[in-house]
Structures are given as C-alpha cells and as structure tokens.
Amino acid sequence: MKKLYILLVLLFTMMTIGEVYAQRSRITKTRSRQKTHRVVKKRSKKSKKRKGKKPVRRITPINPRMDDPDYDPFLQCEDTCDHVHGIDLSHYQGQVFWETVGENTKMAYVYLKATEGGDRIDDRYEHNIEWAHRYGLKVGSYHFFRPKSPLRQQLENFKTQCRPGEQDLIPMIDVETTGGLSTREFCDSLITFLGLVEQAYHQQPLIYTYRNFYNKHLIGQINDYKLMIAMYTPEVPVLADGRDITMWQYTSKGRLVGVNGYVDKSRFLGDHQLKEIRFRHVFPVNE
C-alpha cells in the first residue's frame, strides 16, 4: 500500500512537471510568433517607404556635337571656303583650345570681346588674346556699345584692354541696341563715341551691327565707316541704302574644332581683303 502511494505521488509530480514544460513551450512559441510578426511588419513599412520614393534621375551632360547629326568635326568653314574667314569670341565660349583653332587654315582672324559699357571687362580676354597670337591668328578687339553709359568712361574702359601693341586689326564697335533712346539721341551718342575712339587710336573703327538694325537706325549716319553686317541667311546681305559691306557674319551657330558649342563666323565680301582692316601702328593711344 505504501509503495502504491509513492508511485501515485511520483506520477502526479511528473504530470505537473510535464504541464509546466508544455506551458513554457507554448509561451515561447507565442513570443517567437509575435517577434517574427513585428520584424515582418517593420520590413513591410520600409518596403512601402521605398516604393513611395521617386527614382533618382542621373543627368548626363549633352555634347552638342554628338547631338547634332549634321556636325562635321573636320569642317573648316561654313558658307564657301573661297573667301577669308574668321570668328569672334567672348567668355561665352569658355575655354578655347587655341592650338587646334590655329591649325584651321581657313580661320585667318579673330575678334575678341574686350569690354562692354563703362565698367565691364570680358574675363577671358587676356587669356584669349595671348594664346590667339601664339598660334598665329590675326587678332582684333571689340567693345559692346551702351548708348546711355558715359561715353568717355566707355572709351577708358576699352583702352584698358585694347592696347595697340597687341592689335593686328582695327578696333570694332558692336552696335546692337539703342538703350531705349530715340534714333536721333542714339545716333548722336554713337557718333560722338566713334569720334572718341578714332581720336584715341588714330584710325576709324569697324562697325558691327545687324542688317535690320542698320536699316532702322543707321542709314546715312555712319557712311565713312567699314561695316561688318550680321545676317544669318544663305543670301548675302544687302542694305536698304545699297551701302558697301566689308564683312559678313553669316552664322551664329558655326562649328569649329577647338571651340565648345557654337561660334560666330564671318568672311569678307566681294573684293575686300584682310589688309583693309589692319591696325596701323603709328601713334600711341592718347592718355
């Protein structure tokens, strides 16, 4: 009887211990499922957040030459190559590879932007004029005319950059705007300024302007000055008053190996030649 009692106690104890282990196992499994559920839920939030983000767009710089199906890297001149061609440049073209430009046998000259108005100086001028000379181009300098800016201040600004000893070609004055003045006021300002330039450099400057601008504002005003006329059409420009044109800027979208992007190109018309715009080194510039 005593043995039976001991056996029942042992059996009851084992059942109790088994129940405890079973309960712990259930708790462990439950916690494990809860933990797994939280992790999955957390990842799901991340996944949704990623899906909501806009994709990052990588912008690749466009090479205009590669983008232009008509671009010819070996092209030396547009229009006809039977004439003397040249270009004009400013800071807009950025870095120019002058050693490459100098190898182009059709580009005989370059006009470089020196100044604008009474206080603006082209920040590429000094570099460009030095290296253009090194590689054999004939160089001239131009000033962008601002009719309402003080004229003597504009002249002094131009003189600081356009130094006679560095010039192969006569100065050029870029005339494109009336500055809001009437035609009469504008012409008075321009003619006065041209007189100051001629007095300073002892030779008349070349006048650059557009055909339509000339026809509207300049007819009969600058008859004694040589003209470079800009007109971007296949036809040679003809002015309303029939005036002779020395040079023609025939494109603003020329291509040239050594120059990034577009470049203005010009050439002489008729029987006109480069020697007509050579700078005469006779007198120093008036101080």
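Residues numbered from 1 in each chain as written. Predicted model: local features only at pLDDT ≥ 70, side-chain atom pairs only at ≥ 80, totals over all residues. Heavy atoms only, no water.

**Comments concerning the overall build of the protein**
Right, so step 1: Scanning the protein for helices and strands turns up seven helices and nine strands.
Right, so step 2: A total of 287 residues make up the protein; the buried ones form 40% of that total.
Right, so step 3: Counted over contacts in the protein with a minimum sequence separation of 6, partners at least 24 positions apart contribute 66%.
Right, so step 4: Total accessible area on the protein is roughly 18,000 Å²; 54% of this is exposed by carbon and sulfur atoms. (Helix = DSSP H or I, 4+ residues; strand = E, 2+ residues; numbered from the N terminus. Buried < 20%, exposed > 50% of the residue type's maximum accessible area, 1.4 Å probe, protein only. Contact = heavy atoms within 4.5 Å. Areas by Shrake-Rupley, 256 points an atom, 1.4 Å probe, with all protein chains shown as cover.)

**Here's the deal with the confidence of the model for the protein**
Right, so step 1: Per-residue confidence for the protein gives a mean pLDDT of 79; residues scoring 70 or more make up 69%.
Right, so step 2: Here residues 30-67 is modelled with pLDDT under 50, and outside its nearest four sequence neighbours on either side it reaches 10 contacts, counting other chains as well.
Right, so step 3: Low pLDDT (under 50) marks residues 71-76, which in the prediction has 13 contacts with non-local residues, meaning those over four places away or in another chain. (pLDDT = per-residue confidence, 0-100.)

**Notes on the packing of helix α6 (residues 183-201) against helix α7 (residues 211-218)**
Axes are the key here: two packed helices are described by the angle between their axes and the distance separating the axes.
Right, so step 1: It is the contact of α6 with α7, at a shortest axis distance of 10 Å, that shows an interaxial angle of 105°. The angle between α6 and α7 falls in the class roughly perpendicular. Here Thr 183, Phe 186, Cys 187 and Leu 190 of α6 lie close against α7, whose contacting residues are Phe 213, Lys 216, His 217 and Leu 218.
Right, so step 2: In terms of residue class, the contact of α6 with α7 is made up of five nonpolar, two polar and one charged. (Axes fitted to C-alpha atoms, helices over the stretch in contact; angles between N-to-C directions. Parallel < 35°, antiparallel > 145°, perpendicular 65-115°, else oblique. Nonpolar A, V, L, I, M, F, W, Y, C, P; charged D, E, K, R; others polar.)

**Things to note about the packing of aromatic side chains**
Right, so step 1: Taken as a whole and assessed by the stated rule, the structure comprises nine aromatic pairs.
Right, so step 2: Ring centres 6.1 Å apart and planes at 15° place the aromatic pair Trp 131 and Tyr 135 in the stacked group.
Right, so step 3: The partly exposed category is assigned to Trp 131, whose relative accessible area is 25%.
Right, so step 4: Classification of Tyr 135 by relative accessible area gives partly exposed; the value is 33%.
Right, so step 5: Residues Phe 186 and Phe 213 carry aromatic rings whose centres are separated by 5.6 Å and whose planes lie at 85° to one another, so their mutual orientation is edge-to-face. Of the two residues, Phe 186 is situated in helix α6 and Phe 213 in helix α7; the sequence distance between them amounts to 27 residues.
Right, so step 6: Of the residues examined, Phe 186 reaches a relative accessible area of 0% and is grouped as buried.
Right, so step 7: On the accessibility criterion, Phe 213 (12% relative accessible area) is buried. (Phe/Tyr/Trp six-rings, centres within 6.5 Å; stacked < 30°, edge-to-face > 60°.)

**Remarks on the layout of surface pockets**
Right, so step 1: Its boundaries defined by the atoms lining it, the largest pocket holds a volume of some 290 Å³.
Right, so step 2: In terms of lining, the largest pocket is formed by 17 residues, of which the most central are Asp 88, Tyr 142, Asp 174, Glu 176 and Asp 264.
Right, so step 3: Of all the secondary-structure elements, those providing two or more residues to the lining of the largest pocket are β1 (85-89), β2 (107-116), β4 (138-144), β5 (172-174) and β6 (206-210).
Right, so step 4: Broken down by class, the residue content of the lining of the largest pocket amounts to eight nonpolar, three polar and six charged. (1 Å grid on protein atoms, 1.4 Å probe; cavity = no way out; pocket = protein on both sides within 12 Å on 5 of 7 lines; lining within 4 Å. Points joined across faces, edges and corners; volume = space filled by probe spheres on them.)

**Focus: the pairing of strand β9 (residues 263-268)**
Right, so step 1: Along β9, six of the six residues are buried, which leaves the element largely enclosed by surrounding structure.
Right, so step 2: Covered by surrounding structure in β9 are Val 263, Lys 265 and Arg 267 together with Asp 264, Ser 266 and Phe 268, the residues of both alternating faces.
Right, so step 3: The pairing of β1 with β9 spans four bridges and is antiparallel. For His 85, the partnering residue across the bridge sits in β9 and is Arg 267. (Pairing = 2+ DSSP bridges.)

**Comments concerning unusual backbone geometry**
Right, so step 1: Located in the positive-phi region is His 202, a residue other than glycine, with phi close to 60°.
Right, so step 2: By the secondary structure assignment, His 202 is in the loop between α6 and β6.
Right, so step 3: A residue is classified by how much of its surface remains accessible, and His 202, at 32% relative accessible area, is partly exposed.

**Topic: the pattern of salt bridges**
Right, so step 1: Inspection of the entire model under this criterion finds seven salt bridges.
Right, so step 2: In this structure, Arg 146 engages Glu 116 in a salt bridge whose closest nitrogen and oxygen atoms are separated by 2.6 Å. Here Arg 146, found in the loop between β4 and α5 (151-161), pairs with Glu 116, found in strand β2; they are 30 residues apart in sequence, far enough to count as distant.
Right, so step 3: Judged by its relative accessible area of 9%, Glu 116 falls in the buried class.
Right, so step 4: Lys 159 is paired through a salt bridge with Glu 156; the nearest N and O atoms lie 3.5 Å apart. Taken together, the residues span about one helical turn, with Lys 159 and Glu 156 both in helix α5 at a distance of three residues.
Right, so step 5: Given a relative accessible area of 41%, Glu 156 falls into the partly exposed group.
Right, so step 6: Overlapping salt bridges, with partners in common, bring together Lys 113, Glu 116, Arg 120 and Arg 146 in one network. (Salt bridge = Lys/Arg side-chain N within 4 Å of Asp/Glu carboxyl O.)

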